[in-house]
Amino acid sequence: MARILVVDDEPKMTALVCTELEEADHTVETATDPRVALDLVHRHAFDVVITDLSMPGVSGMDVMHAALETGATDVIIMTAHGTVETAVEALKAGAADYLLKPFALDELTMLVAKLVKQRKTAALKTHFESEAASQLDTELIGRSSAAERLRKMIGQVAKSEATVLLTGKSGTGKELAAKLIHDLSPRARQPFIAINCAALTETLLESELFGHEKGAFTGAVARKQGRFELADSGTIFLDEIGEMPAPMQTKLLRVLEERTLVRVGGVDQIAVDVRVVAATNRDLKAEIGKGSFREDLFYRLNVFPIELPPLAQRDRDVIEIAEHLLTRARWPHLPLAADVRELLVRYDWPGNIRELRNLLERAMILAGGEPLTVEEFDLQTDTAPLPPGSGGGLEQTEKQMILAALAATDGNKTEAARKLHISRRRLYSRMKVHGIDP
C-alpha cells in the first residue's frame, strides 16, 4: 500500500504504530533516534512520515522539514496536549495533519489511508492531465497561429465549468474540439454524449434530449432516459444547435437555467449535472435578427465562444494534417511528394478538414497501394496565371487558360496539367467540355 517511516523516541510507541500499520498492509520502517530518521529521509523515499514532535537533540519539526524537502511525502505529527500550538505551526509549515497523544490506533490507520488515497488521486490526475495535454497536441494538428490560438483557448476553458459555443464552417472539426474540451476537463472520466439537433424532428428531438415515460406517445412501450440524463456528471454536445426548432429552444433554455428536466409524458422534475458544449455553422446573431433563434438562449450558450478557423486560414497546417490522417490510415508512403504537397497547399479547401479527409481516402483507393501523385487528386486551384487578354466569362477564361498551358508545354498534357495544378484526368475532361482537340 504505502511506504511509511515512524519516528518516536519511545520504542513502545514506535512498535505499536508499526504493528498496526503493517497489519493494514503498509511497509513500515521505524526510528527511535531522530538523527537516524533524518538519515533515512535523505536516503529513501517514503509516502508518509509519522513523527513525534518533542524528541531530544533533533525535533519532530526538523524531521518534518527534511521530509517535506523531498517533495513527495506527507507528514503526520504526533503530539501531547502541551504542544498543540507547535503542532498547529507544523500544519502551517506543511504537515498533512496531527494526532494528540494518546490516540486510537485505528484513527491513525484511517488518517494514513486517507492520505494514501489522496496521493493516488493526485498522481492519477497529474498523469491524466499529461495524457490529455498530449492528446490536445496530437489531435489538434498544426503550428499555424490559428491552430495555436485554438489549442490555447480549448486548454483554458476545459478546466472550467463554463458553457462553450463552438462556431465555424462545416468540416472545421467542431465535434473534435468538443471532445477535447471534455477530455481535458475534470469531467473527463464521465460520459460524453453527442446529439445532432438537425438530424431529428421536433418530437423525436425532445424525446432524445429529455427522455420519455412509458405510454407518452405511440410506440413509447417503456421509459427511456434522454441524452441529458445519460450525460449526468459529464458533458453533452449539442451539434447544429442553430437548427433547433423554436419550441425546443424554449424547453432547452429552461433546462439550462434550472438544471432540471421533465421527461416527455412525465411530471417529476429530474435534476441533472451536465456541462454543455454547443456548436453551429450558422451566424446565430443573424438568426436572432430573423427571429429564428432565441436571444436569451444565445447568451446562455455563448458564455465562452470559440470560432474554429477554416482550413484556408491554416495553410501552414494542411500538409501536417494530411500526413497525420494518412498515418492514422496506416498509409506507408510518407512523406508526400513535393508536387502533391504544393497542390494541397494551393487549394482553398471549401469543405475544410472533412473535405481533406475524404479526398485522401479517395486518393488512396485510386493509388492502389502506390505512392500518391497529383493524378489521384481532382482539385482545381486558382493559382495558375491568366493568359493575357483573357475575358468573356468563366468558361471562356478556363478554355483560354488550358490553351495557353498546352501552348507553353508544346502540347505535353502532363506538363500542362501540372502547370494548371490539376490532374491530367481533369485536364482531359475539361478539354472535352471545351472541344479542344486532344
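Heads up: the structure comes first, above all this text.
It should be emphasised that the depicted structure is a prediction, and the values quoted were computed from it without experimental measurement. (Residues numbered from 1 in each chain as written. Predicted model: local features only at pLDDT ≥ 70, side-chain atom pairs only at ≥ 80, totals over all residues. Heavy atoms only, no water.)

Participant: What is the right way to read the pattern of salt bridges from this model?
Facilitator: Pairing is possible between side chains that carry opposite charge, provided their charged atoms lie close to one another. Here the structure, examined in full by the defined rule, presents 26 salt bridges. Arginine 35 is the partner of aspartate 33 in a salt bridge, and the nearest nitrogen-oxygen pair spans 3.3 Å. Relative accessible area serves as the criterion here: at 26%, aspartate 33 is assigned to the partly exposed category. Given a relative accessible area of 59%, arginine 35 falls into the exposed group. For glutamate 342, the salt bridge identified is with arginine 346, shortest N-O distance 2.9 Å. One end of the pair, glutamate 342, and the other, arginine 346, are both in helix H14 (residues 338–346), four residues apart, so they sit about a helical turn from each other. With a relative accessible area of 34%, arginine 346 lands in the partly exposed category. Through salt bridges with shared partners, a single network forms among Glu213, Arg223, Glu229 and Arg263. (Salt bridge = Lys/Arg side-chain N within 4 Å of Asp/Glu carboxyl O. Buried < 20%, exposed > 50% of the residue type's maximum accessible area, 1.4 Å probe, protein only. Helix = DSSP H or I, 4+ residues; strand = E, 2+ residues; numbered from the N terminus.)

Participant: Quick question: what am I supposed to make of unusual backbone geometry here?
Facilitator: Most peptide bonds take the trans configuration, and most residues that are not glycine carry a negative phi. Lysine 101 connects to proline 102 through a cis peptide bond whose omega is -10°. Positionally, proline 102 belongs in the loop between strand E5 (97–100) and helix H5 (105–139). Omega for the bond connecting leucine 334 with proline 335 falls within 30 degrees of zero, at 5°, which places this linkage in the cis form. Mapped onto the elements, proline 335 comes out in the loop between helix H13 (318–328) and H14. Residues other than glycine seldom take positive phi values, yet tryptophan 349 does so here, at roughly 50°. You can see tryptophan 349 is positioned in the loop between H14 and helix H15 (352–367). Overall, tryptophan 349 belongs to the buried group, its relative accessible area being 2%.

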